[in-house]
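Inside the fold
Residues per chain are reported as follows:
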Amino acid sequence: MGVFNKAAGALAPIVLGAIILKDSSALQARLATMEAAAKTAELELLASKVVMPYVSIAIALILLSIFLYINQAFLRSGQKVKTTRA
């Protein structure tokens, strides 16, 4: 499993960079002709694209931890899961 984790760690920046920085040459051309305020707004928009995937990951991890906490509490309560056989 460690190999897959390392591979994902190596590929994630490449994939995320490709998604976020597509058309980067057009962005550089637009930034060269913009005023300072417009340039700042454009760069903040680019930075906001980076934040959203991490927010999504954080929400997924929070939901997973809540699920595991509830599941663990259920298992510790001594209740058995009822199963039916067909």
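Quick note: structure is the one above.
Cut-offs and rules
- Residues numbered from 1 in each chain as written.
- Predicted model: local features only at pLDDT ≥ 70, side-chain atom pairs only at ≥ 80, totals over all residues.
- Heavy atoms only, no water.
- Patch = residues over 30% accessible without salt bridge, like charges linked within 9 Å, V, L, I, M, F, W, Y side chains within 5 Å.
- Areas by Shrake-Rupley, 256 points an atom, 1.4 Å probe, with all protein chains shown as cover.
- Salt bridge = Lys/Arg side-chain N within 4 Å of Asp/Glu carboxyl O.
- Helix = DSSP H or I, 4+ residues; strand = E, 2+ residues; numbered from the N terminus.
- Buried < 20%, exposed > 50% of the residue type's maximum accessible area, 1.4 Å probe, protein only.
- Axes fitted to C-alpha atoms, helices over the stretch in contact; angles between N-to-C directions.
- Parallel < 35°, antiparallel > 145°, perpendicular 65-115°, else oblique.
- Contact = heavy atoms within 4.5 Å.

1. Looking at a nonpolar patch on the surface
On the surface, a nonpolar cluster with roughly 900 Å² of combined accessible area is contributed by Val51, Met52, Val55, Ile59, Ile62, Leu63, Ile66, Tyr69 and Ile70. Turning to its location among the elements, Ile70 is positioned in helix 3 (residues 36-76). Judged by its relative accessible area of 53%, Ile70 falls in the exposed class.

2. A short note on the pattern of salt bridges
One pass over the structure, following the stated rule, counts one salt bridge. Arg30 is the partner of Glu42 in a salt bridge, and the nearest nitrogen-oxygen pair spans 2.8 Å. With Glu42 in helix 3 and Arg30 in helix 2 (residues 24-33), this pair connects stretches of sequence that are 12 residues apart. By relative accessible area, which is 38% here, Arg30 ends up partly exposed.

3. With respect to unusual backbone geometry
With phi around 60 degrees, Asp23 is a residue other than glycine that occupies positive phi space. On the secondary structure map, Asp23 appears in the loop between helix 1 (2-20) and helix 2.

4. Re the packing of helix 2 against helix 3
Contact geometry of helix 2 with helix 3 gives a least axis separation of 9 Å together with a crossing angle of 155 degrees. Comparing the axis directions of helix 2 and helix 3 gives the class roughly antiparallel. Contacts between helix 2 and helix 3 involve Leu27, Arg30 and Leu31 on the former and, on the latter, Lys39, Glu42, Leu43 and Leu46.

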